[in-house]
Amino acid sequence: MSGTGSGAEAGYTGRHETEEERADRKWGELIQEVRVAQTGVQILFGFLLTVVFTPKYEDLPHTDQVIYIVTVVLGAAATGALIGPVSLHRLVVGRRVKPQAVEWASRLTFVGLVLLLATMTAALLLILRVATDDRYVPWLVGGVVVWYLLCWFVVPMLTRRRHTSK
């Protein structure tokens with residue numbers, strides 16, 4: 001079958017690979033993606049953990065302290081979801097369930113990205129509330145969130161829709 005075939009052949013994936021080979025490839029790709037997201041969330045989370053120990057924290061209005069706490073919890077959840085695939089792999093390695101592990105790891109990674117989006121949004125909200133005039137904050141945060149949504153979800157989904165049959 002040529003590279004531009006219709007895919008009508010049962011089970012054809014565009015590559016000549018077994019289910020195990022496909023799972024190995026998908027696992028390698030997923031782990032590379034997770035490394036990028038993990039690094040970002042861990043740096044952000046580490047920074048967030050230090051804020052509460054600064055003298056300025058006590059001077060924050062109650063609303064900003066609540067935003068901070070929500071941000072830290074979101075960062076912890078994002079960290080857990082993005083490290084989850086590593087733990088999943090470690091606990092099931094050698095059990096002949098790699099295709100299922102890849103599926104679950106992919107779901108955890110997606111959840112981690114959504115939580116990372118929420119963490120970054122909350123952190124940006126807090127920082128801008130402290131650093132700028134409040135009347136601009138919703139517009140600035142909203143604009144950045146739209147940018148994240150475009151880059152992380154809209155463009156990939158449009159690409160998927162336009163260039164695949166699934």
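Residues numbered from 1 in each chain as written. Predicted model: local features only at pLDDT ≥ 70, side-chain atom pairs only at ≥ 80, totals over all residues. Heavy atoms only, no water.

(A) Quick peek at the overall build of the chain. In terms of regular secondary structure, the chain is built from five helices and zero strands. For the chain, the N- to C-terminal ordering of α and β elements is α-α-α-α-α. Taking 15 Å as the expected radius of gyration for a compact globule of 166 residues, we find that the chain reaches 20 Å, considerably beyond that expectation. Seen along its three principal axes, the alpha-carbon backbone of the chain occupies a region of about 65 × 35 × 15 Å. Here the chain holds 166 residues, and the buried ones make up 29% of them. When contacts within the chain are restricted to residue pairs at least 6 apart in sequence, those whose partners lie at least 24 apart make up 70%. Looking at the chain as shown, the accessible area adds up to about 11300 Å², and 64% of this sits on carbon and sulfur atoms. (Helix = DSSP H or I, 4+ residues; strand = E, 2+ residues; numbered from the N terminus. Rg over C-alpha atoms; globule rule 2.2 N^0.38 Å. Buried < 20%, exposed > 50% of the residue type's maximum accessible area, 1.4 Å probe, protein only. Contact = heavy atoms within 4.5 Å. Areas by Shrake-Rupley, 256 points an atom, 1.4 Å probe, with all protein chains shown as cover.)

(B) Quick look at the environment of Leu-126. For Leu-126, the position within the fold is in helix H4 (residues 98-131). Taking relative accessible area as the criterion, Leu-126 reaches 8% and is therefore assigned buried. Separated by 93 residues in the primary sequence, Leu-126 and Glu-33 have C-alpha atoms spaced 28 Å apart. Those residues in contact with Leu-126 that sit more than four places away from it in its chain are Asp-64, Ile-67 and Tyr-68.

(C) Seen up close, the packing of helix H3 (residues 62-92) against H4. Contact pair H3 / H4: the axes reach a minimum separation of 8 Å and the direction vectors enclose 160°. Between H3 and H4, the interaxial angle falls into the category roughly antiparallel. Between H3 and H4 lies a crossing whose hand is left-handed. The class makeup of the residues in the contact of H3 with H4 is 24 nonpolar, eight polar and three charged. (Axes fitted to C-alpha atoms, helices over the stretch in contact; angles between N-to-C directions. Parallel < 35°, antiparallel > 145°, perpendicular 65-115°, else oblique. Left-handed = near helix turned anticlockwise from the far one by under 90°. Nonpolar A, V, L, I, M, F, W, Y, C, P; charged D, E, K, R; others polar.)

(D) A look at the packing of aromatic side chains. One pass over the full model with this rule turns up four aromatic pairs. Ring geometry for Tyr-148 versus Trp-152: centroids 5.1 Å apart, planes at 15°, classification stacked. Remark: Trp-152 and Tyr-148 occur in helix H5 (residues 137-163); sequence separation between them is four residues, near one turn of the helix. Owing to a relative accessible area of 16%, Tyr-148 belongs among the buried residues under this scheme. Here Trp-152 falls in the partly exposed class, since its relative accessible area comes to 29%. Seen from their ring centres, Trp-152 and Phe-153 are 6.5 Å apart, and the 70° between their planes marks the pair as edge-to-face. These aromatic residues form a ring-pair network of at least three members: Phe-110, Tyr-148, Trp-152 and Phe-153. (Phe/Tyr/Trp six-rings, centres within 6.5 Å; stacked < 30°, edge-to-face > 60°.)

(E) A look at the side chain of Thr-109. By the element assignment, Thr-109 lies in helix H4. Not counting the four nearest positions on each side in its chain, Thr-109 is found in contact with Leu-30, Val-34, Ala-81, Leu-82 and Pro-85.

(F) Up close: the nonpolar core. Judged by nonpolar contacts, Leu-44, Phe-45, Leu-48, Val-51, Tyr-57, Leu-60, Ile-67, Tyr-68, Val-72, Ala-123 and Leu-126 together constitute the single largest core of eleven residues. Put simply, the parts of the chain that give this core at least two residues each are helix H1 (19-51), H3 and H4. Looking at this core element by element, the count peaks at four residues for H1. (Core = buried A, V, L, I, M, F, W, Y, C linked by side-chain atoms within 4.5 Å.)

(G) Local environment of H5. Over its 27 residues, H5 extends 37 Å from the first C-alpha to the last, a length consistent with the 39 Å expected when each residue adds 1.5 Å. Taken as a whole, H5 carries its principal kink of about 45° at Leu-150. Buried within H5 are the following residues: Val-137, Val-141, Val-145, Tyr-148 and Phe-153. (Expected span 1.5 Å × (residues − 1). Bend = angle between axes of the 7 residues up to and from the residue.)

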